[in-house]
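Fold and geometry: a report
This is what each chain is made of:
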Amino acid sequence: MSNLLAEIQEAVINGQAPKVKELTQAGLDAGQTPQEILNEGLIPAMKIVGEKFQKGEFYISEMMISARAMYAGLNLVKPLLIAQKTESKGKAIVGTVQGDLHDIGKNLVCMMMEGGGYEVIDLGVNITSEQFLEAVKEHSPDFVMMSALLTTTMESMAKVIQVLADNGLRDKVLIGIGGAPVTQRFADSIGADFYASDAGEAVSKANSLLLER
Ligand code: B12
């Protein structure tokens, strides 16, 4: 890994937003791709932040400051990822499920889906099953994509699928789920159509499912 990516990681962990912005810009100017900055700088830094929180070395306030620092970099790479966009391949509604306020991963999924040529409707965080249902009725999307970062909120995904089924809409959409605690096994157990471990894989799985349909 280049020094610059290591410095980006360190600045995110230390919560230094202006420094992250500066280093991200320097990286882009030096020819690092937005994907490298994301996947080898910004994202792994948040993983380390989570580990520090788990070990009791970081408080919530420090996690928040790191998250803000990550956004300082993310906001710079975002337009570059989305610039690769072509004509719309389909429509996706994306949201973080009820009870869950984590949005970095969800926002990355939105960005990559947009960059991958999809029209994205970002519902935001703490989205109830009724809100997902209303959004499906309103937008008739190809995909419903749900994010959960807490083991306690993963079950809300099953609830959304149930509510869609109760309203005769389950088979009208392809359902994708993700987030750190989510697994393929969990996706199978709740009857989701796909799981992806990162935002890039989310796009490739969405693409292949759309072709199969
Ligand atoms: C930043 C952070 C916060 C920030 C969130 C800021 C924000 N705007 O999002 C704040 C400080 C607010 C926060 C709060 C809390 N947090 Co927190 N948080 C994190 C942390 C450090 C990083 C998460 C992150 O952004 N990762 C980076 C992104 C890029 O990764 P990602 O979200 O996994 O997303 C990728 C993939 O999963 C996938 N993906 C994500 N969504 C989707 C959706 C689809 C459809 C697909 C296909 C793919 C996909 O693609 C993404 C990009 O590649 C994690 C640690 C960790 N290892 O996850 C803890 C963590 C998730 N938090 C945790 C906890 C406990 C909490 C709190 C309960 C703390 C508290 N006591 O209050 C609260 C809960 C608040 C709430 N109700 O939601 C625990 C969860 C434990 C558990 N097993 O349930 C973790 C794991 C930390 C830990 N190790 O203990 N947190």
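Please refer to the structure placed before this passage.
The structure contained in this document is the topic of the report that follows. Note that this is a predicted model, so its numbers are computed, not measured.

Time to look at the overall build of the protein chain. Counting secondary structure elements, the protein chain contains nine helices and five strands. Counting helices and strands in the order they occur from the N terminus, the protein chain gives α-α-α-α-β-α-β-α-β-α-β-α-β-α. Rg of the C-alpha trace for the protein chain: 17 Å, near the compact-globule value of 17 Å for 213 residues, within the 12% margin. With respect to the principal axes defined by its C-alpha atoms, the protein chain has extents near 50 × 40 × 25 Å. Considering the protein chain as a whole, with its 213 residues, one finds that 40% of them fall into the buried category.

Every one of the 38 residues lining the ligand counts as a neighbour, but Gly50, Ile104, Gly105, Ser147 and Gly178 are closest to it. Looking at the shell around the ligand, the elements with two or more residues in it are helix 3 (34-54), helix 4 (60-82), helix 5 (104-115), strand 3 (143-147), strand 4 (174-178) and helix 9 (199-212). The element best represented in the shell around the ligand is helix 3, accounting for seven residues.

Here we come to the packing of helix 4 against helix 5. In the contact formed by helix 4 and helix 5, the axes pass within 10 Å of each other and the chain directions differ by 10°. Comparing the axis directions of helix 4 and helix 5 gives the class roughly parallel. On helix 5, the residues that touch Ala67, Met70, Lys78, Leu81 and Ile82 of helix 4 are Ile104, Met111, Met112, Glu114 and Gly115. Split into classes, the residues belonging to the contact of helix 4 with helix 5 amount to seven nonpolar, one polar and two charged.

Rules used throughout
The residue numbers shown here count from 1 along each chain, following its written sequence. Selection of residues for local features in this predicted model requires a pLDDT of at least 70, selection of side-chain atom pairs for listing and counting requires 80 or more, and totals for whole chains, interfaces and linings are taken over all residues. Helix numbering and strand numbering both begin at the N terminus, where a helix is a DSSP run of H or I of at least 4 residues and a strand a DSSP run of E of at least 2. When we talk radius of gyration, it's over C-alpha atoms, and the globule rule is simply 2.2 Å times the number of residues to the 0.38. With C-beta atoms placed from the backbone, a residue is buried if 20 or more other C-beta atoms are within 10 Å of its own, exposed if 12 or fewer are, and partly exposed between those counts. As used in this record, a residue near a molecule or strand is one whose C-beta atom, placed from the backbone, is within 6 Å of it. Axis lines are fitted to C-alpha atoms, over the contacting stretch for helices. Their N-to-C directions set the angle, which ranges from 0 to 180 degrees. When an angle is under 35 degrees it counts as roughly parallel; over 145 it counts as roughly antiparallel; between 65 and 115 it counts as roughly perpendicular; any other value is oblique. A residue pair is marked as a contact if its C-beta atoms, positioned from the backbone, fall within 7 Å. Residues are grouped as follows: Ala, Val, Leu, Ile, Met, Phe, Trp, Tyr, Cys and Pro are nonpolar; Asp, Glu, Lys and Arg are charged; every other residue, Gly included, is polar.

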